[in-house]
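# Survey of secondary and tertiary structure
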Amino acid sequence: MKDNAVNEGIRNIAIIAHVDHGKTTLVDSMFHQSGMFRKGQEVEERIMDSMDLEKERGITISAKNCSVIWNDIKINILDTPGHADFSAEVERALSMVDGAILLVDASEGPLPQTRFVLKKTLEAGHKIIVVVNKIDRHDARPEQVLDEIYDLFIDLDADEDQLDFPVLYAIGRDGIVKENLEDDVDDLQILFKKVAEELPPPAYNTEEPFQMVIADLGYSDYVGRLAIGKVRHGVVKAKDQLACIDENNQAIPLKVTMLQVYNGMAFEEAQEAQTGDIVVISGIDDFQIGDTICHKETPKALPRITVDEPTVSMNFSINNSPFAGLEGKLVQSSKIRERLIKETLLNVAIKVEFSSDRESFIVKGRGEFQMAILIETMRREGFELCVGRPEVIYKKIDGKKHEPVEKLFIDCEESFMGIVTEKLSIRKGKMVNLVNNGKGRVNMEFSIPSRSIIGYRDEFLTDTKGTGIMNSLFSGYEEYRGDFPTRFTGSIVSDRKGKGVAYGIYNLEPRGRMLITPGTPVYEGMIVGEHNKESDINVNPCKEKKLSNVRASGKDDSVACTTVKPIVLEAALNFIRDDEMVEVTPESIRLRKAVLSSQQRHLIQGKIKKKKLNS
């Protein structure tokens, strides 16, 4: 049965874009100009970036809801992430909206994540308003960027209605949106007007009872877990007797203890919510994203939210190093287990498998960056844990091994094209497109296995002297392309417990790049440097200078160790090999061997060599 009515008083829209193209800044301006803040009220910049990590990195990690009122129309806005690793957040957000604003940088144009979020939006059948942002940049090229946007729409098989999109030009930071580049405008009124005129209001069927799909979760210290979603049909009232239909089609009774709607950034209690509005329901503990909430007398499930399968897995385990428990509050496997289960309830893209030993867990997600954000969040919550190297998830298709493959887009100076192409060809990458615009920079597109990108980003920045731009986009599964070396250097490993000494570290510097400074606590099996050669070596970084009563000229000169760049989590995950781990605590990030004892590692290596000889 088709929808036969619309709610003209509501618009549900998503703001989609590549990372750093100005989504959150534009939402700030929409808040200010819709009258959500009183005159003179102090408001932080990028108020939609509620997580500390979002503010620090300047990116959106989780999709967030808010609302503004314009000319008696309530506009529910969903600020979505622009990074493909958080694509499940995009898919959840798109299930609650009826249209979208696509933001594109007037200089950079459509980038890989622009393609990704636009593809998802077009697949959902949503109408789109295109906003070319940052037209005040000195290198802005809005006309060419608009041509590139049309090409992208055509490339993604947009239908005729979707191709007939309205175009606006913006300076999001200053709260200016105009219909033509030459217009003299100083506000966002044309944007609000276009949203009201061009993007459809929510449609519903008057004969259907109340139904909503849970698309987001929240938590309140007062009322417990919160289910967030768009009212698809019917009306819901506070204290209604409802039911929650889970993935097994079982109806669980639910009494609404509180019904809330969005008012700006905050929740506002409501006695009734109309069709098309985004509501927050409390009164049940056992529910997941994708479940349907409906009337108890007429239980009827809506299609569940589906997201793409995970492509990367990582091993999480308890911290079993000699320094375990010294810096973190939450070290037990049961606490780590609870936290990972909580993450799966809030994030549909994360999956967790439990091992028989109860001390390690396989966590699956959409990319190494998503994993790094999860680990960093846990670390800030007081957890101590060890994590292994990110590994791609393989599939068997027609009896053959298949692996996830990415489209890799490289923008670098022409002089670096050779080294980049050489490195990527070693990693089984195939160049599929090359554009030289004659201005000193080249754009290259590669088809490359996902495992090839793990650990390459830092190398790429070094090779391009920090001037290269690299973006990737998951394109599907292809037949396994073969093995290749992941790292050409070995590890310098401490052979004892103690503290790093300047004399010992200084004398180890010819062996490779050191990762510790004098005074750093070390233990047997901890990685203290990167060896120049491919093999690992065990060393004593705690070695002190022998004291004697013999004096000679120059003998007592002080040593000066090379400055060490503090290691960050993403760099640590990129650095480690299969037999190594990252020890993560609230205060430290350490690299270590999975097997700490040098003697045991020696025995394991001997068995591996013997096995190779016999085979």
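Please refer to the structure placed before this passage.
The structure reproduced in this document is the subject of the present report. (Residues numbered from 1 in each chain as written. Predicted model: local features only at pLDDT ≥ 70, side-chain atom pairs only at ≥ 80, totals over all residues. Heavy atoms only, no water.)

Let us look at the overall build of the protein. Counting its regular elements, the protein contains 15 helices and 38 strands. Looking at the protein as a whole, 53% of its 615 residues are labelled buried. (Helix = DSSP H or I, 4+ residues; strand = E, 2+ residues; numbered from the N terminus. Buried < 20%, exposed > 50% of the residue type's maximum accessible area, 1.4 Å probe, protein only.)

With that out of the way, let us pick up the side chain of R590. Relative to the elements of secondary structure, R590 occurs in strand 38 (residues 589-593). Among the polar contacts made by the side chain of R590, one reaches the side chain of E327 at a distance of 2.9 Å. Once residues lying within four places of it in the same chain are set aside, the contact partners of R590 are F323, E327, Y523, M526, M581, V582, E583 and T585. (Polar contact = N/O pair within 3.5 Å; in protein donor to acceptor, adjacent residues only side chain to side chain. Contact = heavy atoms within 4.5 Å.)

The next point concerns the nonpolar core. The biggest cluster of nonpolar side chains holds 64 residues, and the ones touching the most others in it are V132, F153, I281 and I293. Ranked by residue count, the leading element in this core is helix 5 (residues 142-155), at five residues. Once residues within four sequence positions are removed from consideration, I281 is found in contact with F210, M212, R225, L226, A227, L242, V256, M258, L259 and I293. Core analysis: the second largest hydrophobic core is formed by 29 residues, V363, L385, L573 and L591 among them. (Core = buried A, V, L, I, M, F, W, Y, C linked by side-chain atoms within 4.5 Å.)

This part is about helix 10 (residues 417-426). Residues V420, K423 and L424 constitute the buried set of helix 10. For helix 10, the arc enclosing every buried residue in end-on projection is 95 degrees, short of the 170-degree limit, so these residues lie on one face. (Arc of directions from axis to C-beta.)

A few words on a negative patch on the surface. Where like charges cluster on the molecular surface, the negative patch consists of D159, E160, D161 and D164. Within the element layout of this structure, D161 appears in helix 6 (residues 160-163). (Patch = residues over 30% accessible without salt bridge, like charges linked within 9 Å, V, L, I, M, F, W, Y side chains within 5 Å. Areas by Shrake-Rupley, 256 points an atom, 1.4 Å probe, with all protein chains shown as cover. Salt bridge = Lys/Arg side-chain N within 4 Å of Asp/Glu carboxyl O. Lys, Arg positive; Asp, Glu negative; His and termini not counted. Charge placed at Lys NZ, Arg CZ, Asp CG, Glu CD.)

Attention now goes to the pattern of salt bridges. All told, the structure shown has 30 salt bridges when counted by the stated rule. R590 is the salt-bridge partner of E327, the closest N and O atoms lying 2.9 Å from each other. Of this pair, E327 sits in the loop between strand 21 (312-317) and helix 8 (333-346) while R590 sits in strand 38, placing them 263 residues apart in sequence. Accessibility expressed as a relative area gives 22% for E327, which makes it partly exposed. In this structure R590 comes out as buried when scored by relative accessible area, which is 9%. Through salt bridges with shared partners, a single network forms among D536, R577, D579, E580 and K593.

Before going further, it helps to spend a moment on the pairing of strand 14 (residues 241-245). Judged by how many residues are buried, strand 14 sits mostly within the fold: four of five residues are covered. Pairing geometry for strand 14 and strand 15 (residues 251-255), over five bridges, is antiparallel. Its bridge partner being in strand 15, Q241 is matched across the sheet by K255. Between strand 14 and strand 15, which pair antiparallel one after the other, the connecting turn spans five residues, and N249 there sits at a positive phi close to 65 degrees. (Pairing = 2+ DSSP bridges.)

Attention now goes to the pairing of strand 38. Strand 38 sits mainly inside the fold: five of its five residues count as buried. A two-sided burial pattern is seen for strand 38, the buried positions comprising I589, L591 and K593 on one face and R590 and R592 on the other. Across two bridges, strand 35 (residues 526-531) lies against strand 38 in antiparallel orientation. When the bridges of strand 38 are listed, M526 appears paired with R592. The hairpin turn running from strand 37 (residues 580-584) into strand 38, its antiparallel successor, is four residues long.

Structurally, H531 can be placed in strand 35. Residue classification places H531 among the buried residues on the basis of a relative accessible area of 6%. In terms of polar contacts, H531 uses its side chain to reach the backbone carbonyl oxygen of S535, at 2.7 Å.

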